[in-house]
Amino acid sequence: MSALTTSTAAANRSTTATSSSKAPAARATRRRSPLEWTRAHVLATTSVLIFVFLLAPNVVMLVMSFNSPIGKYNYIWHQFSTDAWRHPCSVGDICQHMGLSLEIGVVAMIGSTVLGTMAAFAMSRHRFRARPAVNVLLFLPMAAPEIIMGATLLTLFFSTIGSGSMGFWTIVIGHIMFCLSYVVVTVKSRLAGMDPTLEKAAQDLYATPRQTFMKVTLPLVAPGIMAAALLSFALSVDDYIVTKYTAGDQITFPLYVYGAVQRSVPTQIDVIGSMMMLVTMTGIAGMLVVGRLRARRR
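The structure reproduced in this document is the subject of the present report. (Residues numbered from 1 in each chain as written. Predicted model: local features only at pLDDT ≥ 70, side-chain atom pairs only at ≥ 80, totals over all residues. Heavy atoms only, no water.)

A few points about a nonpolar patch on the surface
Okay, step 1: There is a patch of nonpolar side chains on the surface, built from Ile-50, Phe-51, Phe-53, Leu-54, Leu-55, Val-59, Val-63, Trp-77 and Phe-80 and spanning about 980 Å² of accessible area.
Okay, step 2: Mapped onto the fold, Phe-80 is located in the loop between α2 (34-64) and α3 (83-86).
Okay, step 3: The class of Phe-80 is exposed, set by a relative accessible area of 55%. (Patch = residues over 30% accessible without salt bridge, like charges linked within 9 Å, V, L, I, M, F, W, Y side chains within 5 Å. Areas by Shrake-Rupley, 256 points an atom, 1.4 Å probe, with all protein chains shown as cover. Salt bridge = Lys/Arg side-chain N within 4 Å of Asp/Glu carboxyl O. Helix = DSSP H or I, 4+ residues; strand = E, 2+ residues; numbered from the N terminus. Buried < 20%, exposed > 50% of the residue type's maximum accessible area, 1.4 Å probe, protein only.)

See the structure below:
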């Protein structure tokens, strides 16, 4: 009788195990409805579509840089050629104008990064009566249309130094003015996310204020400062509206491209744009690799 009971119990356990093993398989093989699939993949699909939308013009520009157009306008694909890559400066003074844009971008980047970082530290670490007003003033260049800023700067420079004196430094001043806001916002966000106990720990270990800033604060804020510097450089090199009002007789690369499009569209424009894109992507990839290597060492 006991043997029969034992065998019956074993059979029941095997049946239960078999049914329980079949249940997950049945759930796994159940097909999801289109609505469920959409909910599960909507974020990934949207992200892919956004990246395609952003990168498609760059891909077209890279492809058209290897084109040999029939006429003056590089709009329609005709024949593969590397002549434009071998001679990127063969059209007018295109490289000279690009060099001027890079020079202005570097100077504006340094000026806006230094001033914006100091302003961000002052507004994050100190309390003063004019702080709300300063916040509003720093936000205005980002909120106001660029054409208004450009016209205002033109009026300022025209009434103070005259139109004949406008050129390199007036462009730099205009670029620093609108890049300053982006630097302050970027560095302030980095300071807001920093753990204040790290600085207090350094002070408890008898570090001087200078040592605390150089060895604790600055390394923690450095990624935000670097991001702000790169952003200000990109905005300066790419700017057209403010530059148009403050350039005088100087011609930067965006001004040259706008003037060239009215007469022709040489392939060298796509070549220089592709070079800038490849350099930027290489720099970003290098920073990611360095960051991962440092994370592994830690």
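This is not the end of the story, as more comes after the structure.
Brief notes about the packing of helix α4 (residues 94-125) against helix α9 (residues 209-238)
Okay, step 1: It is at 8 Å that the axes of α4 and α9 come closest, and there the two elements cross at 140°. In terms of orientation, α4 and α9 fall into the oblique class. Like other packed secondary-structure pairs, α4 and α9 cross with a definite hand, here right-handed.
Okay, step 2: When the residues that make up the contact of α4 with α9 are grouped by side-chain class, the tally is 13 nonpolar, 8 polar and 1 charged. (Axes fitted to C-alpha atoms, helices over the stretch in contact; angles between N-to-C directions. Parallel < 35°, antiparallel > 145°, perpendicular 65-115°, else oblique. Left-handed = near helix turned anticlockwise from the far one by under 90°. Nonpolar A, V, L, I, M, F, W, Y, C, P; charged D, E, K, R; others polar.)

What to know about the environment of Val-221
Okay, step 1: Positionally, Val-221 belongs in helix α9.
Okay, step 2: As a C-alpha pair, Val-221 and Gly-193 span 28 residues in sequence and 9.6 Å in three-dimensional space.
Okay, step 3: When near neighbours in sequence (up to four residues on either side) are disregarded, Val-221 contacts Phe-121, Val-187, Arg-190, Leu-191 and Met-194. (Contact = heavy atoms within 4.5 Å.)

Concerning the packing of aromatic side chains
Okay, step 1: Throughout the structure, instances matching the rule amount to 6 aromatic pairs.
Okay, step 2: For the pair Tyr-240 and Tyr-258, a centre-to-centre distance of 5.1 Å together with 45° between the ring planes defines the contact as tilted. One end of the pair, Tyr-240, is in the loop between α9 and α10 (241-246); the other, Tyr-258, is in helix α11 (residues 253-261), with 18 residues separating them in the sequence.
Okay, step 3: For Tyr-258, a relative accessible area of 47% gives the class partly exposed.
Okay, step 4: What links up through ring pairs into an aromatic cluster is the set Phe-66, Phe-80 and Trp-85. (Phe/Tyr/Trp six-rings, centres within 6.5 Å; stacked < 30°, edge-to-face > 60°.)

Some details on the environment of Lys-188
Okay, step 1: Summarising the element assignment, Lys-188 is placed in helix α7 (residues 168-192).
Okay, step 2: The class for Lys-188 is partly exposed, based on a relative accessible area of 24%.
Okay, step 3: Between the C-alpha atom of Lys-188 and that of Ala-122, which follows or precedes it by 66 residues, the distance is 9.7 Å.
Okay, step 4: Contact partners of Lys-188, with chain neighbours within four places excluded, come to Ala-120, Met-123, Ser-124 and Asn-135.

Considerations on the pattern of salt bridges
Okay, step 1: Tallied over the full model, the rule gives 2 salt bridges.
Okay, step 2: Measuring nitrogen to oxygen at the nearest pair gives 2.1 Å for the salt bridge that ties Asp-83 to Arg-86. You can see Asp-83 and its partner Arg-86 sitting in helix α3, 3 residues apart, about one turn around the helix.
Okay, step 3: Taking the relative accessible area as the measure of exposure, Asp-83 reaches 39% and is therefore partly exposed.
Okay, step 4: Overall, the relative accessible area of 56% leaves Arg-86 in the exposed class.
Okay, step 5: Note that Arg-125 and Glu-199 form a salt bridge whose closest N and O atoms lie 3.4 Å from each other. Placement of the pair is Arg-125 in helix α4 and Glu-199 in helix α8 (residues 196-204), with a sequence separation of 74 residues.
Okay, step 6: The class of Glu-199 is buried, set by a relative accessible area of 13%.

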